[in-house]
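If you want the building blocks of each chain, they are given just below.
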Amino acid sequence: MQRGYRMEGSRLLPPTNFTPEEALSLIVLCQELGNHSGLPFFAPARNAAMKLESSLPARLRDYLRGTVDAVQIQPPPNNSLAVHKPVFDQFLEAVASRQCVRIRYNSYTEWEQICTRLSPYRLLFSRRSWYVIGRSSLHRATRTFNLSRVADAELLEDTYEIPAGFSIDRYLRNAWHLIPEPGTDSEVVVRFSKMVAQNVAEVTWHKTQKLTFNDDGTLDFRVKVSGLNEISWWILGYGDQAEVIRPTALRNTVAECAQRMVERYNGHRGSTLDT
């Protein structure tokens, strides 16, 4: 399948050949994911897929439409970037031109709005949100910032260089998600009940995970992580179907959180809730 030259602005694009499988993949992915405003690159990709579809022979177009209708992709909820797209565009320009950005940021760590000059190294979409990773003048270190919490951004004339050898993988180390903590990595073992063991085993949660099924149907989930806070939130999501075996520090953190939950619910006994 061949497409002729198309004028895009002042550029001529060369003809491109697609197999039916390639065309189907592009159309399905772009039409499904392009509806989600949290993924800004996919909106124009969806428009491109529609142009591709319109250029197909009628018989192949009908076949692909029937197939597309039979396939549906449901990505997890994400943080809509529609309101914050100007900020995203500023950072995209900053990364391309290696310009610093002064930001006001609603920090969940400092619990206040902070101001810092940021040298953005990478833009990262992970799970539900867009993040910028770069060196912060306030923290004098490389940090991660959620774009939806940037209250204001100003592109500066100052330029910067990305350190040689910098990579997101090296920066994140073995963080459970996006928050690597100082110190040595921790070996974590969590035992999941038979009820959820298979569900946990079906997903690759972390690059270091190792799984062992026990004779009683429970699952021992082993992982090596750079910090314990993020993984504790994940474990708590399984309620009483998960038990931290080690390390003791993580076991105590989860137990203390569970105790506070019990106290909170016991404190509301007898209250009247609207139904």
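Read on for an overview of the structure. The residue numbers shown here count from 1 along each chain, following its written sequence. Confidence filtering applies because this is a predicted model: local features only for residues at pLDDT of at least 70, side-chain atom pairs given and counted only at 80 or more, and all residues used for totals across whole chains, interfaces and linings. Each side-chain value is derived from all of the structure's non-hydrogen atoms; neither hydrogens nor water enter the calculation.

**As for helix 6 (residues 194–201)**
Along helix 6, the residues classified as buried are Val196, Ala197, Val200 and Ala201. The arc enclosing the buried residues of helix 6, seen along the axis, measures out at 140°, which places them on a common side. Working rule for contacts: check all heavy atoms of both residues, and any pair within 4.5 Å makes them a contact. By the criteria applied, helices consist of DSSP H or I runs no shorter than four residues and strands consist of E runs no shorter than two, each listed in order from the N terminus. Summarising the contacts, the buried residues of helix 6 are in contact with strand 8 (186–192), strand 9 (210–213), strand 10 (219–225) and helix 7 (229–236). Any residue under 20% of the maximum accessible area for its type is buried, any over 50% is exposed, and the rest in between are partly exposed; the area is computed with a 1.4 Å probe on protein chains only. What the arc measures is the spread of directions leading from the helix axis to the C-beta atoms.

**As for the environment of Pro180**
Note that Pro180 resides in the loop between helix 5 (168–172) and strand 8. Its relative accessible area of 21% is what places Pro180 among the partly exposed residues. On a C-alpha basis, the gap between Pro180 and Thr144 in space is 10.0 Å, while along the polypeptide they are 36 residues apart. Apart from the residues lying within four places of it in its own chain, the contact partners of Pro180 are Tyr171, Leu172, Arg173, Ala175 and Ser226.

**Structural notes on the nonpolar core**
Nonpolar cores are built from buried Ala, Val, Leu, Ile, Met, Phe, Trp, Tyr and Cys residues. Side-chain atoms within 4.5 Å join them into one set. Of all hydrophobic cores here, the largest spans 21 residues; its most connected members are Phe192, Ile231, Trp234 and Ile235. Setting aside its immediate chain neighbours within four residues, Ile235 contacts Val190, Ala242, Val244, Leu250 and Val254. In terms of nonpolar packing, the next biggest core, distinct from the first, is built from 15 residues, Phe91, Ile103, Ile114 and Val132 among them.

**Looking at the packing of aromatic side chains**
Aromatic contacts are taken between Phe, Tyr and Trp rings whose centres are within 6.5 Å, Trp giving its six-membered ring; a plane angle under 30 degrees counts as stacked, one over 60 as edge-to-face, and the others as tilted. A complete count under the given rule lists 14 aromatic pairs for this structure. Between Tyr121 and Tyr160, the aromatic rings sit 6.2 Å apart at their centres with planes inclined by 45°, giving tilted as the arrangement. Of this pair, Tyr121 sits in strand 4 (residues 112–126) while Tyr160 sits in the loop between strand 7 (150–159) and helix 5; the two residues are 39 residues apart in sequence, bridging distant segments of the chain. Looking at Arg149, its charged tip hangs above the ring of Tyr108, at a distance of 3.9 Å from the centre. Only when the NZ atom of a Lys or the CZ atom of an Arg is both within 6 Å of the ring centre and within 35 degrees of the ring normal do we say a charge sits over the ring.

**Here's the deal with helix 4 (residues 85–97)**
Helices are assigned an expected span. That span is 1.5 Å times one less than the residue count. With 13 residues, helix 4 should cover 18 Å at 1.5 Å per step; its first-to-last C-alpha distance of 18 Å lies within 8% of that length. Of the positions making up helix 4, those classed as buried are Val87, Phe88, Phe91, Ala94 and Val95. Projected down its long axis, helix 4 shows its buried positions confined to an angular sector of 125°, all on one face. Exposed side of helix 4, more than 90 degrees from the buried face: Pro86 and Ala96 are the residues found there. Looking at the packing, one finds that the buried side of helix 4 touches strand 3 (99–107), strand 4, strand 5 (129–136) and strand 7.

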